[in-house]
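# Tertiary structure, described
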Amino acid sequence: MSLERPTEDGDELLARLGSLTAQARELAELQRSRVELALALQRGMLPRDLPAACRFHLAVRYAPACHGLNVGGDWYDAFTMPDGRIGLSIGDVQGHNTEAAAFMGQVRVGLRALASVTSEPGELLARTNDLLLSLGTDLFATCTFMRLDPSTGVLESARAGHIPHLWATADGQSGIAEDEGGPPLGIEAGMQYPVTRYRLTTGGVFVLLTDGVVEGPSLSVDEGLDQVVRLAGIAAVAGMEADALAAGVMKIAERVGHEDDAAVLVVTHDGPGIQP
């Protein structure tokens, strides 16, 4: 009986296994590079500094998905507009890859650029929607844009398919915004986005977030929103700082068991009371 053939078969099997292992390692390195590139895009496109305004405080938290090979396209932004008011945006791009991260940057930059033309939230979202459609991509994004007037405390908000924001006042009231929204950005041309006006009073709190904060396998979106509402109510009554509230909201995101990005943008007011 010859022993040479089994040995040759064994050598061939080992060679094939070695080749497959090398291919798998090469693929893993390629995917890791893609994830690192997407994360770099995310970090580079999010604002480094937040605008300052007397009596108003902004705070943010952001946690990229980074689960396996998933990288999402959530973003937040805050900037001073030409008329002195403050623009606030938060949103979520469809998809979890490098393309989604790059598209997120296009949406954020588009909002900023168009805000120099019009700062009215509804018109701004409408123009951004048409701009994104002109890019010819299949991606779309949900978004909330707010315009804050620091001189009056008035907040004007428009929403494009995004999860509603939350509010609380120093007298113990809190809730989920019931404003009328429009469709996500980048789906259909000529859309309109209704604007709702709010007033941020002494001790008041507004919380903007993405669905990764409140929805996942361990928590339904309604349960998650209720938890944030309760936390915002406690924060407003206790006079909690904006940064501490943002950190507390992000703790809820850690419990939902999601594999999505999570972004939080908090606005608080500690100045003298403002009458309607």
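This is a predicted model, so every value here is computed, not measured.

## Section: the nonpolar core
If you look at the biggest cluster of nonpolar residues, it comprises 28 residues, and the most contacted ones within it are Val207, Leu209, Val213, Val228, Leu245, Val249 and Val264. Only β6 (166–168), β9 (205–209), α4 (221–238), α5 (242–253) and β10 (262–269) provide two or more residues apiece to this core. When sequence neighbours within four positions are dropped, the list of residues in contact with Val207 reads His165, Leu166, Val228, Ala232, Leu245, Val249, Val264, Leu265 and Val266. Counting residues in hydrophobic clusters, the runner-up holds 23 residues, among them Leu111, Leu139, Ala141 and Tyr193.

## Section: the pattern of salt bridges
One pass over the full model with this rule turns up ten salt bridges. In this structure, Arg108 engages Asp77 in a salt bridge whose closest nitrogen and oxygen atoms are separated by 3.2 Å. Note that Arg108 is positioned in helix α2 (residues 98–115) and Asp77 in strand β2 (residues 73–80), a separation of 31 residues in sequence. Classification of Asp77 by relative accessible area gives buried; the value is 1%. For Arg127, the salt bridge is made with Glu123, and the minimal N-O distance between the two is 2.9 Å. Here Arg127 pairs with Glu123, and both are found in helix α3 (residues 121–134), just four residues apart, close to one helical turn. Connected through salt bridges with shared partners, the residues Asp83, Arg85, Arg147, Glu156 and Arg197 form a single ionic network.

The rules we used
- Residues numbered from 1 in each chain as written.
- Predicted model: local features only at pLDDT ≥ 70, side-chain atom pairs only at ≥ 80, totals over all residues.
- Heavy atoms only, no water.
- Core = buried A, V, L, I, M, F, W, Y, C linked by side-chain atoms within 4.5 Å.
- Buried < 20%, exposed > 50% of the residue type's maximum accessible area, 1.4 Å probe, protein only.
- Helix = DSSP H or I, 4+ residues; strand = E, 2+ residues; numbered from the N terminus.
- Contact = heavy atoms within 4.5 Å.
- Salt bridge = Lys/Arg side-chain N within 4 Å of Asp/Glu carboxyl O.

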